[in-house]
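Tertiary structure, described
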Amino acid sequence: LAGVQAATRDVLVFLNNDMEVKPGFLGPLLEGLRDPKVFGVAAEVFFRDPFRRREETGRTRGTIERGWLKLAHIEPSRDERALALVPTFWAGGGSAAFDRRIYLAIGGFDTLYDPFYMEDTGLCYQGWRRGFRLMFTSRAAVLHEHRGTSRKVFGDDYIDNVIRRNQHLFLWRNVTDPRLTAAVIGGLPFAMLLRAQRPRGHYLAGLWFEVKAFLRALPRLPEALRKRCADRPTYRWSDRQVIAAANGIAAHRALCGTDLGALPVPEPGKGRKILVLSARLPRRGHDGSWVLFERLLAMAKRHRVTLFAFLDHPDEAIGSAPLSEAGIEL
């Protein structure tokens, strides 16, 4: 992506052109990325039409059942809304923030899935396998005009078939667990026959839909297998660990040991180097400078802060003791 290539900051925020952010969208995403082990944070998705069934929520889950990849959006529960972050299978590439360093290390959105769909799922799964986490927060939200652009250009049938093709490619490219791999290979004919029964006007039409998706995926099999082999040495967690941790809070806590109720704070000196210039030394309980005083203490918990300030009288330096104790260089 041209935007990623031009980006120089630490965080990448992706928005589709049919997304509208709600007030306060960015803050919770950036808060979640404070933890260096969090790769991406997804916002909650609402449809512009409030009466439409929520096919997309931003809180995602994914499983491999009967040799097939099943993906879904689920309604966040009341308990999940009470938490700062909850695990999610993938962070939607149209309304999420990602750590740029990890994004580039993984290789970004995989062109295997071109022209669209599943590239965000593949990216996030690769992040999970490498030991990073993908999270969801209900404190950030967007309004989505679902397929507001792609439907007009390609039509629903073509889009659905590309998604089905990319589900094949996802399994071939990412899943390395021997038993799951055997289930994917052995269960392929049954899975295609079973999915063909879904309403498409006629069973044979549904079966041709499945066959066509498989035939579209087949020429990309060598590329999928090559990338699968190349990335395997970088994996830290197994397929089964990822599926469990990405779909359940208890399993995530058992694997990652993270308290989801509180946002992690990096160790002092591990963040940015910040220089603050002030016309006078901020002091607690003295005029309006107490605001800057408290802000400096808060920044020092995450960053290395240096304060350059002027003194009207040497005695003013007495009130700077708390700043020095917090690790602020004066």
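What counts, and at which threshold
Residues numbered from 1 in each chain as written. Predicted model: local features only at pLDDT ≥ 70, side-chain atom pairs only at ≥ 80, totals over all residues. Heavy atoms only, no water. Helix = DSSP H or I, 4+ residues; strand = E, 2+ residues; numbered from the N terminus. Buried < 20%, exposed > 50% of the residue type's maximum accessible area, 1.4 Å probe, protein only. Contact = heavy atoms within 4.5 Å. Axes fitted to C-alpha atoms, helices over the stretch in contact; angles between N-to-C directions. Parallel < 35°, antiparallel > 145°, perpendicular 65-115°, else oblique. Nonpolar A, V, L, I, M, F, W, Y, C, P; charged D, E, K, R; others polar. Expected span 1.5 Å × (residues − 1). Arc of directions from axis to C-beta. Polar contact = N/O pair within 3.5 Å; in protein donor to acceptor, adjacent residues only side chain to side chain. Core = buried A, V, L, I, M, F, W, Y, C linked by side-chain atoms within 4.5 Å.

1. Some words on unusual backbone geometry
Look at the link from D114 to P115: it is a cis peptide, with omega at 10°. Relative to the helices and strands, P115 is located in the loop between helix 4 (100-106) and helix 5 (119-129). In this structure, Y117 is a non-glycine residue whose phi angle is positive, near 70°. Mapped onto the elements of the fold, Y117 is located in the loop between helix 4 and helix 5. Phi at M118 is positive, roughly 80°, even though this residue is not glycine. As for its position among the elements, M118 is in the loop between helix 4 and helix 5. Exposure remark for M118: the relative accessible area of 6% places this residue in the buried category.

2. Side note on the environment of G93
With respect to the element layout, G93 can be found in the loop between strand 6 (86-87) and strand 7 (95-99). Overall, the relative accessible area of 14% leaves G93 in the buried class. Measuring from C-alpha to C-alpha, the distance between G93 and L15 comes to 7.2 Å, with 78 residues separating the pair along the chain. Discounting residues that sit within four places of it in the chain, G93 has contacts with F14, N16, F109 and D120.

3. Regarding the packing of helix 5 against helix 12 (residues 239-247)
Relative to each other, helix 5 and helix 12 sit at 110°, their axes nearing to 9 Å. Taken together, the axis directions place helix 5 and helix 12 in an arrangement best described as roughly perpendicular. For the pair formed by helix 5 and helix 12, the contact residues are Y125, W128 and R129 on the first element and D239, V242, I243, A245 and A246 on the second. Among the residues forming the contact of helix 5 with helix 12, the class breakdown is 6 nonpolar, no polar and 2 charged.

4. Some points on helix 10 (residues 203-217)
The end-to-end C-alpha distance of helix 10 is 21 Å, a good match for the 21 Å that 15 residues give at a rise of 1.5 Å each. The set of residues buried in helix 10 consists of G206, F209, E210, A213, F214 and A217. Along helix 10, the residues classed as buried sweep out an arc of 130° about the axis, all on the same side. Check the buried side of helix 10 and you find it contacts helix 7 (156-174), helix 9 (188-195) and helix 11 (221-231).

5. A few points about the side chain of T137
In this structure, T137 sits in strand 8 (residues 133-144). Given a relative accessible area of 1%, T137 falls into the buried group. Here the side chain of T137 touches A84 through a polar contact of 3.2 Å, landing on its backbone oxygen. A distance of 3.1 Å separates a polar side-chain atom of T137 from the backbone nitrogen of R139. Residue contacts for T137: discarding those within four places in its chain leaves P28, L29, V41, A42, A43, E44, A84 and L85.

6. Digging into helix 8 (residues 178-186)
By the burial criterion, the buried members of helix 8 are L180, T181 and V184. Down the axis of helix 8, the buried set is contained in an arc of 100°. They therefore lie on one face. The exposed set on the far side of helix 8, more than 90 degrees from its buried face, consists of P178, R179 and G186. N-capping of helix 8 is provided by D177, with a side-chain oxygen placed 3.0 Å from the backbone N of R179.

7. Concerning the nonpolar core
Core analysis: the biggest nonpolar cluster contains 45 residues, and F39, F98, Y103, F170 and L171 have the highest contact counts within it. With residues up to four places along the chain from it excluded, the contact list for L171 reads I64, G67, W68, L69, V184 and R228. By size, the runner-up hydrophobic cluster in this structure holds 14 residues, among which are L33, A84, M135 and A140.

8. Some points on the environment of A213
Looking at where A213 falls in the secondary structure, it is placed in helix 10. Note on A213: relative accessible area 0%, which makes it buried. A213 sits 46 residues away from Q167 along the chain, and the two C-alpha atoms are 9.3 Å apart. Apart from residues lying up to four places away in sequence, A213 is in contact with N161, R164, R165 and H168.

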